[in-house]
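One letter stands for each residue in the lines below.
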Amino acid sequence: MRGLLFIVCFLWSLAAYSQAIIRFEEKVHDFGNIKEADGPVAYDFVFVNDGKAPILIKNVESSCGCTSPEWSKQPVLPGQKGFIKATFDPKDRPSHFDKTITVFSNAQPPVVELKIKGNVEARTRTVLDDYPYELPSGLRLPVDHISLMNVKKGEVKQLTIGVYNNSGKKMKVMFSGLPAHIKMQIQPEEIEVKGLASLNVSYNAGQHGEYGLNEETVTFLVDGKKYPTRLSVFVEEDFDKIDRTTAPRIQAEKKYYNFGTVSADQPARFVYKLTNTGKSVLKIHRVYTNDNRLHIGNYAKEVQPGATLELPVETVKGAEKGKLSGLISVIANCPDSPETNLRFYGEIK
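Residues numbered from 1 in each chain as written. Predicted model: local features only at pLDDT ≥ 70, side-chain atom pairs only at ≥ 80, totals over all residues. Heavy atoms only, no water.

Draft legend 1. Up close: the pairing of strand β22 (residues 282-289). Where β22 and strand β24 (residues 302-303) come together, two bridges link them in antiparallel fashion. Looking at the pairing, K283 lines up with E302 of β24. Relative to strand β26 (residues 322-332), β22 runs antiparallel, the two being bridged by five bridges. Looking at β26, one finds that Y288 is bridged to S329. (Pairing = 2+ DSSP bridges. Helix = DSSP H or I, 4+ residues; strand = E, 2+ residues; numbered from the N terminus.)

Draft legend 2. Examining the pattern of salt bridges more closely. If you walk through the whole model with that rule in mind, you get 19 salt bridges. In this structure, K152 and D240 form a salt bridge, with 2.5 Å as the shortest nitrogen-oxygen distance. Linking K152 in strand β11 (residues 146-152) with D240 in the loop between β18 (225-236) and β19 (250-252), this pair joins segments that are 88 residues apart in sequence. D240 gets classed as exposed once you look at its relative accessible area, which sits at 60%. Between R230 and E215 there is a salt bridge, with the nearest N and O atoms lying 2.6 Å from each other. On the criterion of sequence distance, the pair formed by R230 in strand β18 and E215 in strand β17 (residues 212-222) is long-range, its members being 15 residues apart. On the basis of relative accessibility, which here comes to 37%, the residue R230 falls in the partly exposed class. The structure contains a network of salt bridges with shared partners spanning E36, D92, R123, R125, D129 and D130. (Salt bridge = Lys/Arg side-chain N within 4 Å of Asp/Glu carboxyl O. Buried < 20%, exposed > 50% of the residue type's maximum accessible area, 1.4 Å probe, protein only.)

Draft legend 3. Representation of the pairing of strand β27 (residues 339-348) in the model. Relative to β27, strand β20 (residues 256-262) is paired through six bridges, and the arrangement is parallel. The partner of Y256 across the bridge, within β27, is R343. One ladder, built from ten bridges, connects β26 with β27; its direction is antiparallel. Looking at the pairing, G322 lines up with I348 of β27. The antiparallel hairpin formed by β26 and β27 contains six residues in its connecting segment.

Draft legend 4. Representation of a nonpolar patch on the surface. A cluster of nonpolar side chains, contributed by V127, L128 and L196, occupies part of the molecular surface with about 230 Å² of accessible area. Secondary-structure assignment places L128 in helix α2 (residues 127-130). A residue is classified by how much of its surface remains accessible, and L128, at 35% relative accessible area, is partly exposed. (Patch = residues over 30% accessible without salt bridge, like charges linked within 9 Å, V, L, I, M, F, W, Y side chains within 5 Å. Areas by Shrake-Rupley, 256 points an atom, 1.4 Å probe, with all protein chains shown as cover.)

Draft legend 5. Focus on the state of the cysteines. This model, assessed by the stated rule, comprises one disulfide. Note on cysteine connectivity: C64 is disulfide-linked to C66, with sulfurs 2.5 Å apart. As the torsion about the S-S bond is roughly 135°, the C64-C66 disulfide counts as right-handed. With respect to burial, C64 and C66 carry one shared label: buried. (Disulfide = S-S within 2.5 Å.)

Draft legend 6. Quick look at unusual backbone geometry. In this structure, P109 follows Q108 across a cis peptide bond, with omega equal to -5°. Note that P109 resides in the loop between β7 (95-105) and β8 (111-121). A cis amide bond, omega -5°, links Q187 with the succeeding residue P188. Within the secondary structure, P188 is located in the loop between β14 (182-187) and β15 (190-191). Unlike most non-glycine residues, K194 shows phi in positive territory, near 60°. Relative to the helices and strands, K194 resides in the loop between β15 and β16 (196-204).

Functional significance is not addressed by these values, which are geometric in nature.
So, in structure tokens, the structure goes:
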């Protein structure tokens, strides 16, 4: 028995000794004050392989589309250095910024978060800068889609934004086929050339909307022609009257899972474990993913205090090949973390 224990300990020590170990010289970079007019800025986060095996950077993700990552593509040998390059585009982003870059590798630790931050000094703006997104009709909006952000379940959320006529001619704007829970008005309906109007939107979360992210299509009717536009809203529970001392709490045993490389015909699978560390029943309102190549299996809708929920996730058999970086959103009645995000990533070949 002692001999077997010695062999196990020896093999464990040998495996630990031969691991790749990633060490960043710094994990946060402050650009300080930068000027929007000067364009993108970049910084290289340098890492060292302090282990005994090569480091392979599997993927790097940014928390925002304004930040573009690049990284060492070749294996980084023991004692050698690699880099993660973060490029930040300050266009249309005046004020303070704080962005996260997540690095996934075969090293220890397997997931590392880096940060870039700073402050953007705004340039002199034009009306086209203020309304950068143009529909095929020539109607320009200040955002790429209509987002009402967060709304509490049962409430009506209202939003007013400006729109700009860049079509070169007077236009009449109305709406087509709106559902009962969405109301939209524009004042004035007839917008002069290079004229502005106010778009008023309301969303009734008492009539419609699941917990979590809801995305819908609304149709602008411009001079009789239809122009579909995306609308989104995040429906959340009203926690204003909740006693947080006795509320449920959700704790994930593991938030990241790298399934490596699998065949499209042999699905990868993992079971996330979520424990209710609070003092009342944890209710799972909804679980969804941002990638249709993932399937979420059956799970309990209620979790007693101290109990653990098992949430099975797997790739769909015959899924489209390529890199997969799935986000699984768990929406629950937990006031401290009403949305828990899990990562499921790898490559399908």
